[in-house]
Amino acid sequence: MSSIQLRNVTKRYGQTEVVHEIDLDIAEREFVVLLGPSGCGKTTTLRMVAGLEDVSDGELSIGGRVVNDVAPKDRGVAMVFQNYALYPHMSVRQNMEFALRPLRLDRSEVNRRITETAEILGLGELLERRPSQLSGGQRQRVAMGRAMVRTPDVFLFDEPLSNLDAKLRTQVRWEIGKLHKRLNTTVLYVTHDQVEAMTLADTIVIMRDGYIEQTGTPEEVYSHPRNAFVATFIGSPAMNMMPATMQDGQLVGDHLSLPVPERLAGKVAEGQRVTIGIRPPEISLVEEGADGALAATVEVTEYLGNEALLDIRIGSHEMIAEVPASQRPAVDSNVHVRFNPEAIHVFDAETGISVNA
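All of these numbers come straight from a predicted model, not from anything done at the bench. (Residues numbered from 1 in each chain as written. Predicted model: local features only at pLDDT ≥ 70, side-chain atom pairs only at ≥ 80, totals over all residues. Heavy atoms only, no water.)

A.B. asks: Can you help me understand unusual backbone geometry in this one?
C.D. replies: Peptide bonds are, in most cases, trans, and in most cases residues other than glycine have a negative phi. The omega torsion across S236 and P237 is -5°, close enough to zero to call that bond cis. Look at Y84: it is not a glycine, yet its phi comes out positive at around 75°. With relative accessibility at 10%, the residue Y84 sits in the buried group. One non-glycine residue, A85, adopts positive backbone phi at about 55°. Here A85 shows up in the loop between β6 (77-80) and α2 (92-100). (Buried < 20%, exposed > 50% of the residue type's maximum accessible area, 1.4 Å probe, protein only. Helix = DSSP H or I, 4+ residues; strand = E, 2+ residues; numbered from the N terminus.)

A.B. asks: How should the packing of helix α3 (residues 107-121) against helix α4 (residues 136-148) be read in this particular structure?
C.D. replies: Two packed helices can be described by the angle between their axes and the distance between those axes. For the pair α3 and α4, interaxial distance at closest approach is 10 Å and the crossing angle is 140°. Here α3 lies oblique to α4, going by the angle between them. Our pair here, α3 against α4, has a crossing hand that is right-handed. Of the residues in α4, those in contact with T117, I120 and L121 of α3 are R141, M144, G145 and M148. Across the contact of α3 with α4, the residue classes break down as four nonpolar, two polar and one charged. (Axes fitted to C-alpha atoms, helices over the stretch in contact; angles between N-to-C directions. Parallel < 35°, antiparallel > 145°, perpendicular 65-115°, else oblique. Left-handed = near helix turned anticlockwise from the far one by under 90°. Contact = heavy atoms within 4.5 Å. Nonpolar A, V, L, I, M, F, W, Y, C, P; charged D, E, K, R; others polar.)

A.B. asks: What's the story with the sheet that holds strand β13 (residues 256-259) in this structure? I'm lost.
C.D. replies: Either a parallel or an antiparallel arrangement is found when strands of a sheet pair, and the pairing is made through backbone hydrogen bonds. Spatially, β13-β12-β11-β14-β20 is the arrangement adopted by the five strands of the open sheet, whose pairing is antiparallel. Strands with a single pairing partner mark the edges of an open sheet, and in this sheet they are β13 and β20 (345-348). Between one strand axis and the next, the sheet turns through 35° on average, direction left out of account. Looking at chain direction, strand β11 (residues 240-247) and strand β14 (residues 273-278) are connected through six bridges and run antiparallel. When the sheet's bridge partners are listed, P243 is paired in β14 with T275. (Pairing = 2+ DSSP bridges.)

A.B. asks: How should I be thinking about the packing of aromatic side chains in this particular structure?
C.D. replies: Each aromatic ring pair is characterised by the separation of its centres together with the angle its planes make. Per the counting criterion, the structure on display carries five aromatic pairs. Between F31 and Y189, the aromatic rings sit 5.7 Å apart at their centres with planes inclined by 40°, giving tilted as the arrangement. Of this pair, F31 sits in strand β3 (residues 31-35) while Y189 sits in strand β8 (residues 186-191), and the two are 158 residues apart along the sequence. Of the two residues, F31 and Y189, neither departs from the other in class, the shared state being buried. (Phe/Tyr/Trp six-rings, centres within 6.5 Å; stacked < 30°, edge-to-face > 60°.)

Okay, here's the thing in structure tokens:
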């Protein structure tokens, strides 16, 4: 097993810097997900770990060994690509065998590794088929198997589920999670899909514009976002955000007045412009006159089975509430809602940084 360390790792293309002095520690056997929007530098970072991109500045270590100038084949890593990268003219068995050629193993060891890997991934009956005869999910399992037969110290996944439909994404995501537990190896996984990140990761690294915005467990980045970007990027539906100003101990916006949560007492200055954040499940329907009740208008409803999403308006603030489907009000009706005071987030309006950071 191997740990991974990045120290001030930078990537430039010509004069353009796309990854900026990243520091990251990945422990042995840890499952770490690089999460962020397109163009944030997550795949470039993964490719530097793989050796497919050079490190412009900084130091990259795998298993305590600096690998800046080490060839990809000698790094002890195996990569699973978004587009499978299978050889179309080869069978499943041949694709897996090809990954073992640089190791110069004897035939019995090659067969043993392929047989064991095929059994783990349910590929035994598919070994003689070619990629064109497989479904998308089966192709991705073959790509995973080709990586597994090398018994690498580190698995690298580059958006491996993005070409699959919703049902297959769920199925293969489970398989990747079970695979990690079974092999107990280090995994670095890239995705823009927060569901993948939240369900698979031990640690999530959220990136934007080549910088790391926050690193933490799924619970930490969801419940304690460092800034407004992280707060709105994590969670579906996204966190509701409303401009406000601190006035006489209240967070005041258009048709909106909320007391500062006790945990944030003394952290918001009088007159400070802020952004209030509240997640949709933390907005509940209440009776008029209830403590903390705010008047709202229901503009759209979405029925989701057990829950319903309400597009509501309070003054000029449009937001989403998630309530039990049995409580779903009619469109255009006037209701009263309450924000859970323990779940209110407050961010500085200029910097976007949480006042509790």
